Every structure is written in structure tokens, then in C-alpha cells.
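In case you want the letters, here they are:
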Amino acid sequence: MKKRVLAAFLSMAMVAGLATGCGTPGGGKSDGDSADGKVFRYAVNTLPTTLDPTKGQSIGDNEIQHAVTEGLTRNTAGDVKPGIAESWDESEDGLTYTFHLRKDAKWSDGEPITAADFEYSWKRLVNPETASPYAFIGDCLKNGQAIEQGKMDVEELGVKAVDDTTLEVTLEHPTSYFLSLIGSSGQFAPLRQDIVEKYGTDFAATSEKNVYSGPFVMTSSEDNVWTFAKNDNYWDKDSINLDKCELNYVENTDTQLSMYEAGDLDYVQVPTAYVSDYKDKADVFANGNVDFCYINSKSDNPVLGNKNFRLALNYALNRNDYNKLANADTYTAFNGLVFPGLQAKGTTYGEAYDLNSYSYPLDGDQDKATEYLNAAMQELGIANASDITVEVVTTDADSSKRIVETLQEQWQNALGINVKIRQVTYADIYGKVFPEHDYEIGYGGWGSDYDDPYSYLELFKSDSSYNYSQYENPEVDQLLIASQDEPDTDKRMDELNQAEQDILADGAFVPLQARNVYYMLDDDTTGINFYYCSLNIDWVYADVNAK
Amino acid sequence: MFKYVVKRVIAAIITLWALVTIVFFLVRLMPGDPFTSAKLTKEVAANMRSYYGFDKPLIQQYFTYLANLLHGNFGYSMKYTNKTVNYIIGQTFPYSADLGIRALVMAVSFGLVLGIIAARNRGKKLDFFCVIIAIIGTSIPDFIMGAILQYFFGIKWGLFPVAKYLGFRYTILPATALAFYTLASVSRIMRSSMLEVTSQDYIKTARSKGLSEFRITFKHQIRNAIMPVMTILGPTVAAVLTGTFVIESIFAIPGMGKYYVSSVNENDYAMILGMTVFYGFFLVLCNLIVDIMYGVADPRVRIGKR
């Protein structure tokens, strides 16, 4: 008896001893700063969801693809250069592109990259059987949407490999941002049919289950660290300075900051709570996300269907004060819908159009707000403002709660109405609350996947599946439809801007802020680019000075 | 003894089956589904649902899941495309287990020693010191303990790496932070059960036989006092080995802990089930081992069952 107990404890101790004695599971790996040459190390706080270019659905997914794949073009922070395509011809109606691929373009395993690799990839993207969450990005291709909805055969897609180096692409509408889109969205990267079919559902599950067309190859995807090495078969490898890159998944942003302070990272995003502490050291970029409140214009609450009431909500808000209270001034108070950094008319959208001339003043306007409120109450036959109650729905994230509470206070004080708050989960708000229009006012936001105002304005197109507001304005619809077939890009931009003006004049939603990201970068690192659609950080051309 | 073990094993299997069934149907009651994001259109979401077989009747999905489970197959994650739950567990469990074992060894060995010292010096300064350590351990949550250790030993004094898990030096801070709570509870339980044993007849007998204090403590007191500690070790081992969300997050350890929390937020059904079943299996297994060891160590348990 005694012996048995002793034996049991001894064996337990041995197991424990063994485990403590031998190395950790990740033992023996380099920290990234050894003699690896030029290495760039950074961290993200959300896990990439997939390494399959077609199925990418987050900024993080796409940032990886931007480094390991090469599209027909390469879009570096809005600057579009030839990629696998050496040159291209565009038809006069803007509907057909003929891409001429370079003959020396190779996959990381040495095979040539051909036009067929693009045709295969794009068809895989819109094929319903692939079930890519980002299939809609292929809507710009001829018949893309119909195929994605199962109404047409995938062979009808507007892409055709004429020969090994010629790819003919037909578009649904003239798409002025097409070259920019295919240079920044991994979903348009070439794919090797033999590799995809060889691995089946395991394709790109890990770094070695794929081949790469981009400036870097992925050398490891294990243990929440993704490592990249310069691709020797890349056609433009002389422009690449880094030897390696190491992407760490560090969920805790405080830990990221500590790692940066300890010299374990070369780049870190400053968590919002610490921005004021680091304002001197940190730089900032705008990531293209704008936040606003949707207004369900057809909700059971009749006040929200009233234009004057919606305008009262907009004029009552002092967005500068709001931004200080809700966001500690880390974002930019914003009174529009289209992200002002987008390219338009040879400059930015914000430069081309003076938002303040047609939108609500950032400091609000109490008199106008009262005026609109009184008009609304008269139309609706309501005697007291205190008889009006609206409900704002938000996710349970702390930052969102703070934002909605600030709105509640401002609206109650300025208008004398009652504002209630309802909290739901993120999955609920986009799975049910918004799509099923089960809300009155809802806090949300949008970031674009391509450099064009249409992406933001589409939220208010009456037949769009993103029209959570149930907004209907025939003039806006007409402008948006006209913009799709307008070959004159400047005229098209004016049409889109007019649509934005109309939406704002209707008080269709409550704009709040444009997001900023504060970051710190090691002094020895240069050549990092930032972008505002489909990816944020672009380290492809980064360089690190030897220490 | 054999009959006792068989009965325990059957009870464990039934527990697991009930767990799978309840969780399988409960997750479907959560609002939303795995395919909800701002950008997803209805058509694309429908394509994704049929890709994962959600268009089939729920009861059919349940039996498919059970059949796969019997082959040890947890299915594909719905959030992390092209990755199986088995692969993710296979990748993350070794880290969580490694960290957990280190923390356990630390917690149990130091906890036992502290408990024994406290009991032997009851009411004296040493006892008081042990109480303070126990209070610190139980009252400071692990995320604060982790952050404190990280700040002083990692950033300020630079003695250990701030985060990640690449070798022995990396393991010390997270294992210490994780060990503290268990250490405190082990030491308290050991102390009180030591004191309880002290008043037992066989200790009086040993003392009256004229045995030395050393022999009494080691041969009679500790051996009998350790039983209650074994009882809490079952669930503790299961909990600590299968990953801890907070410590793994603070120290950027690629363990399983994250998936318990994120899979629920993301409605990743396959992952929620996989995590629950894996943890449930571990918990049941650890309790089973404790039960059996109890039977081995204490004859009264076996006889009582007959």
C-alpha cells in the first residue's frame, strides 16, 4: 500500500520533471534579431482568419497576402504600378482590359506565372461552391454577382486567358478604381490550380501548403508567429530590402507596447488608452474607417421617419465635444460619409469637395436643432419633446458604450428628448439587428475595400444589401446608377458627391468620426507605407538599418 | 477495485455524451451565427452556410457531429478557414500544457511546503508569514500579478523576456503568475488538514510510542493530510493544463486559452464544441485519476463502495 502511493507520486513527479526539464514547445526558435540580416518585426492583435487569398476577409488577412502575392498591378498606398502585368490596354468604354503579363514572372517554386492562374483564381473567388466571404469583391467583373448568387455558370465570368501572357478582363461597369483594386486586394492574386487541388480543403492551412507569387514567401505560420523571407523568384526582387519579416500575434495591446519598449518589436500601434502618454513619440495615420449612427427610417418609431427630426439629431450634436468625451480626441470629428482621404480628381476627396459647406457644423447648431425639432413635432403632432423616446443600439464593446452614452447625454440635453440604450453582441448586431432592421438608431461604421466613394455611398442605395437604414431616395439611386456607367471620371466623382450631399441633406444618418491609428516605429526602420482600404500597414518596401 | 474503476469510467463516458449534446444544441440558441460581419451579403452568407452543412436538419447535423467525434474529428473551424479544430488544438495544447505543468509543479511543491511549515509553527511568526503569502495569492487576480511581474522583471530590471514562449527563460514569469493562486490554496488546505490530523488518535499513539517529531510529521501526518489536496488537484490540473486566457494573453503565449473566449464571441460552433469537449474530457479524466488514486491511497473508499 505504502509502496503504491509512493510509486504514484514518484511517477507524477517524473512526468513533471521531464516536462520541466526538456525544452518548451517553441524552444530553439530565434527571437528574430539574430544574424538573420534585415528583419522587420511587428505585431497584430487579431488573428488572421485564413492564409487562402480567395477567402481572406479581414485587414489582417489581406496585409499578409499583400506581401506574399503579386496581382496584375501593385498598389502601394494608392500608387499603382505594374505587377505581374507588364502593361495593359483599356478599351474606350472602360469595360475591357487586356493585360500583358511579364514572361519572367515566376512562382516561388520556379514555375511560370501565367494568365490561366488569374483566370482560375478569379473564377474560384465568385464560385458559390468556394463560399468565399469576400466573393462580392468580384462583383465588378462581368457576371460576377450573378455567378455568386448561383444564377449563372462560373464559366460566364468576364475573365479569359487568351494565351500564357495575355489576360482579357471584361467588367460589369466601367470601374475607374479597377487597377487600384486588383493591386491591393489579395482576392485577385493568381492561384495555382494544381496546388489548390492537391491540398483540397487543407490548401493554405499552413505556410508550406501553398506557393507564392509575391515579394516574400511565408516560411512559417505556426505558434502565432508568421515569418516571411525574401522571394528569390520574385520578378522585382531588387526593389526588396528586407531579408525577413516576423509578424507576431499578441492579443494584449499592453503587452505589444511592453514588447516595443523592450526592443522586441519595431512597430507597434499605441492602444487608445495610452495615446495621450505617447503623443510626442507617436505618429498617426487615418485607416479609412468612418463611424456613424444608422437611422432606421422605417422603424416602428415614427419620429425617425421624419426628416426634420433626423436633422435635429444631427444639428444638436457638437461633434468636437463629443470626440473629446467619447474618444479622448484620438479620432477626428467628422460630419460626412465618404472618407476624405480617398483619391478624387487628382487630389483627395476631402480637398476636392468642401464638406463644411454642405454638411452640419462640427460644433453643432443649437438654434437650428431646436428649429428642426419644433418643425418635426408640429408635423407629428407631438406637444412635448419629453414625449419622444428613441433607442440607440450598440455592441457591448467598452469603446462603443462610451460613444453611445455621450450621444445620449448630448441629445437629451440639447433636445430634451429621452434616449435609451440597448446593448447586443457584435455577432447579433450584424447577424440580426441591422439586416432585419430590428432597431431605431444603431452605432456602426464602414471601411472601404477599394479607393472609391461608391463603397460608402452604397450603404444608402435602396436595393443594396447593406442598406440597413431602409433609406429610399430616388435621386440618390439615380445618381449612383448613373455613376456606374459614367466614363468621365471627374463627372462621375461629381455625381457621387451630389449623392453624398443629398444623403446628408436628408439627415439619413448621424456621422461621428473618422478613425486614426497612432503608432510608433523604430528609428532604424524606413519605407513603411500606410493605406486606407483593404490593408493598413504595407511593409513590402521596408528597410532596416544595420545596428 | 476493478469494479470500482469500471463504474467510474462508465460514469465519465455518460458525462461526456451529455456535455456534447447540451453544448451542441445550446450554441445554436446564441444570437447570430458564425457568418455575420458588416460586409457579408445574404447570398454569400447562404453559400457559406451550405458549405458548412448548416442547411441540413439540425438533428442530422448532430448525428454527423457525433459520428465524427467518435473518430476523434472535431471538424473545421468556421472562423479560421481551412483549419481543423484538431489542428488548432494540436498546435496550442502543448504550450498550455507546458506552462500548466510548470505552474503546477511550482504551486504544489511550494504550497505543500508552506502548508506544512505553517501547521508546524501554528500561531507563530512563520505561520503568519505563510498566511500573508496565501492572502496575496488568492486576492490578487492573475492578470494583475502577470502585469506586475512583467513590468518589474521584464521591462524595469530586464531579467526575463517580456513576452512570448521560446525557451526556459520565457517560462518563468508566466508560470509564476499562474502558480500563485493554486499555491495559495494548496498551502491553506495543507495547513488545515495537517492540523486536523494532529489531533487524530494515531498521532497520539505515535507520540506515546516515543517516535521523533520528524518521523511523526513525515511518516504519519503528511501522508494522511495530503488526501484533501489530491481532491482539489483533479479540477485544478484540468483547468491549468488546458490553458488560461489571461496569462496567455498577457505573455503572448500561443496556447489554447484564447479560443475558449474568442470562439464564443465569434459563434465558431465547431471551435466552441471542440474546446468544450476537449476540456470536458480532460476534466473527467483528471477526476477519474483522482478517484482511482483515492481508492488506491485510502482503502476505506474502496470498501465503502462494496
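> How do you make sense of the overall build of chain B when you look at a structure like this?
Scanning chain B from terminus to terminus reveals 14 helices and zero strands. Secondary structure elements in chain B, listed N-terminal to C-terminal, are α-α-α-α-α-α-α-α-α-α-α-α-α-α. Overall size of chain B, expressed as C-alpha extent along the three principal axes, is 85 × 60 × 30 Å. Buried positions account for 39% of the 306 residues belonging to chain B. Put simply, 74% of the contacts in chain B that link residues at least 6 apart link residues at least 24 apart.

> Sorry, what's going on with the overall build of chain A here?
Within chain A, the secondary structure is distributed over 18 helices and 23 strands. Whereas a compact globule of 547 residues would reach a radius of gyration of roughly 24 Å, chain A reaches 26 Å, a difference of no more than 12%. With the principal axes as the frame, chain A shows a C-alpha extent of 80 × 80 × 50 Å. In chain A, which comprises 547 residues, the proportion classed as buried is 51%.

> Even after reading the chapter, I still don't get the nonpolar core, so can you show me in this structure?
As a rule of thumb, nonpolar side chains are buried together in soluble globular proteins. Formed by 207 residues in total, the largest nonpolar core has its most connected members in C293, A312, A316, V392 and L457 of chain A together with A103 of chain B. Considering each element in turn, this core owes the most residues, 14 residues, to helix 7 (residues 168-198) of chain B. Here V392 of chain A is in contact with C293, V404, L407, Q408, V419, I421, I441 and Y443 of chain A, once residues within four sequence places are set aside. By size, the runner-up hydrophobic cluster in this structure holds 18 residues, among which are Y65, I88, L273 and M275 of chain B.

> What am I meant to see in the packing of helix 9 (residues 307-316) of chain A against helix 13 (residues 366-380) of chain A here?
Axis angle and axis distance: for two packed helices, these are the angle between their axes and the distance between the axes, and together they describe the pair. All names here are of chain A. The N-to-C vectors of helix 9 and helix 13 enclose an angle of 160°; their axes lie 8 Å apart at closest approach. The orientation of helix 9 with respect to helix 13, classified from their angle, is roughly antiparallel. Note on packing geometry: the crossing formed by helix 9 with helix 13 is left-handed. Packed against helix 9, whose contacting residues are N308, F309, L311, A312, Y315 and A316, the element helix 13 presents K368, A369, Y372, L373, A375, A376 and E379 at the interface. Partitioned by chemical class, the residues of the contact of helix 9 with helix 13 number 10 nonpolar, one polar and two charged.

> Hey, could you run me through the interface of chain B and chain A in this one?
Reports of interface size often rely on the accessible area that becomes lost once the parts have come together. If you look at the interface, chain B gives 47 residues, while chain A gives 50 residues. If you list the elements that add at least two residues to the side of chain B that touches chain A, you get helix 2 (42-51), helix 4 (85-120), helix 6 (142-156), helix 7, helix 11 (245-250) and helix 13 (269-297) of chain B. Sorting elements by how many residues they give to the side of chain B that touches chain A places helix 4 of chain B first, with eight residues. Tallied by class, the residues present in the side of chain B that touches chain A amount to 25 nonpolar, 14 polar and eight charged.

> What's the story with unusual backbone geometry in this structure? I'm lost.
Trans peptide bonds make up the majority, and among non-glycine residues the majority have a negative phi. Residue and element names in this part refer to chain A. Even without being glycine, A77 reaches a positive phi, approximately 50°. Relative to the helices and strands, A77 resides in the loop between strand 2 (73-76) and strand 3 (79-82). The phi dihedral of H437 is positive, around 55°, even though this residue is not glycine. Structurally, the position occupied by H437 is in the loop between helix 15 (426-433) and strand 18 (441-446). A count of 19 C-beta atoms within 10 Å places H437 in the partly exposed class.

> Looking at this structure, I do not really get the pairing of strand 1 (residues 39-44) of chain A. What am I missing?
A regular strand places its side chains so that they alternate between the two faces of the sheet. All names here are of chain A. Across the six residues of strand 1, six count as buried, placing the element largely inside the fold. The alternating pattern of strand 1 places V39, R41 and A43 on one face and F40, Y42 and V44 on the opposite face, and all of these are buried. Of the strand pairs in this sheet, strand 1 and strand 10 (residues 244-249) are connected by six bridges, and their pairing is parallel. Within strand 10, the position partnered with F40 by the bridge is C245.

> Got a minute to help me understand helix 7 of chain B in this structure?
The periodicity of an α-helix, 3.6 residues per turn, causes residues three or four places apart in sequence to face the same way. At F180 of chain B, helix 7 of chain B is bent by approximately 40°, the largest bend along its length. For helix 7 of chain B, the buried fraction is high: 22 of the 31 residues fall into the buried class.

> I would appreciate a short explanation of the confidence of the model for chain A in the present structure.
Low pLDDT means the predicted coordinates in that region are not meant to be read closely. This prediction gives chain A a mean pLDDT of 92; 93% of its residues lie at or above 70. Counting contacts from residues 1-22 of chain A, a segment whose pLDDT is below 50, to residues more than four positions away or on other chains yields 12 contacts.

> For this particular structure, what's the right way to read the environment of Y202 of chain B?
Assignment of secondary structure puts Y202 of chain B in helix 8 (residues 201-208). It is 8.1 Å that separates the C-alpha atoms of Y202 of chain B and H220 of chain B, two residues lying 18 residues apart in sequence.

> Just checking my understanding: could you explain the confidence of the model for chain B for this structure?
Residues and elements named next belong to chain B. Scored by pLDDT, chain B comes out at a mean of 89, with 98% of its residues at no less than 70. When the elements of chain B are averaged for pLDDT, helix 14 (residues 299-305) gives the smallest value, 60, and helix 3 (residues 58-70) the largest, 94. The complex prediction reports pTM at 0.89, with the ipTM value standing at 0.86.

> Teacher, can you tell me more about the environment of G336 of chain A here?
Residues and elements named next belong to chain A. With respect to the element layout, G336 can be found in the loop between strand 13 (332-333) and strand 14 (343-344). Taking C-alpha positions, G336 is 9.2 Å from A514, a pair spaced 178 residues apart along the chain. Discounting chain neighbours no more than four positions away, the residues touching G336 are L355, S359, E500 and P511.

> So what exactly am I meant to see when it comes to the sheet that holds strand 4 (residues 85-90) of chain A here?
Two modes of strand pairing occur in sheets, parallel and antiparallel, and in both the strands are linked by backbone hydrogen bonds. Residues and elements named next belong to chain A. Strand order in the open sheet formed by four strands is 4-5-7-6, and the pairing between neighbours is antiparallel. One side of each edge strand has no neighbouring strand; the edge strands of this open sheet are strand 4 and strand 6 (159-163). Averaged over all pairs of adjacent strands, the angle between their axes in this sheet comes to 20°, without regard to strand direction. Pairing analysis gives four bridges linking strand 6 to strand 7 (residues 166-170), with the strands arranged antiparallel. Across the sheet, the residue bridging to D163 is T166, located in strand 7. Set on the sheet, helix 3 (residues 115-126) makes contact with strand 5 (96-101), strand 6 and strand 7; between it and strand 6 the angle comes to about 165°.

> Before we go on, may I ask you to explain the pairing of strand 12 (residues 283-295) of chain A in this structure?
Residues and elements named next belong to chain A. With nine bridges joining them, strand 12 and strand 19 (residues 509-521) adopt antiparallel strand pairing. Across the sheet, the residue bridging to D283 is Y519, located in strand 19. By the bridge criterion, six bridges tie strand 12 to strand 18 in an arrangement that is antiparallel. From the neighbouring strand, C293 faces strand 18, where its bridge partner is Y443.

> Explain the packing of helix 17 (residues 474-485) of chain A against helix 18 (residues 489-505) of chain A to me, please; I cannot follow it from the model alone.
Residue and element names in this part refer to chain A. Running from N to C, helix 17 and helix 18 point in directions that differ by 160°, and their axes come no closer than 9 Å. Judged by the inter-axis angle, helix 17 sits roughly antiparallel to helix 18. In terms of crossing hand, the pair formed by helix 17 and helix 18 is left-handed. Contact residues: helix 17 offers E475, V476, L479, L480, A482 and S483, while helix 18 offers R492, E495, L496, Q498, A499, D502 and I503. When its residues are assigned to classes, the contact of helix 17 with helix 18 shows seven nonpolar, two polar and four charged.

> Hey, could you run me through the environment of K324 of chain A in this one?
Its location among the elements puts K324 of chain A in helix 10 (residues 319-327). Classification of K324 of chain A by C-beta neighbours within 10 Å gives partly exposed; the count is 14.

Conventions we followed
- Residues numbered from 1 in each chain as written.
- Chains lettered and ligands numbered in written order.
- Predicted model: local features only at pLDDT ≥ 70, side-chain atom pairs only at ≥ 80, totals over all residues.
- Helix = DSSP H or I, 4+ residues; strand = E, 2+ residues; numbered from the N terminus.
- Buried ≥ 20, exposed ≤ 12 C-beta atoms within 10 Å, placed from the backbone.
- Contact = placed C-beta atoms within 7 Å.
- Rg over C-alpha atoms; globule rule 2.2 N^0.38 Å.
- Core = buried A, V, L, I, M, F, W, Y, C linked by C-beta atoms within 7 Å.
- Axes fitted to C-alpha atoms, helices over the stretch in contact; angles between N-to-C directions.
- Parallel < 35°, antiparallel > 145°, perpendicular 65-115°, else oblique.
- Left-handed = near helix turned anticlockwise from the far one by under 90°.
- Nonpolar A, V, L, I, M, F, W, Y, C, P; charged D, E, K, R; others polar.
- Pairing = 2+ DSSP bridges.
- Bend = angle between axes of the 7 residues up to and from the residue.
- pLDDT = per-residue confidence, 0-100.

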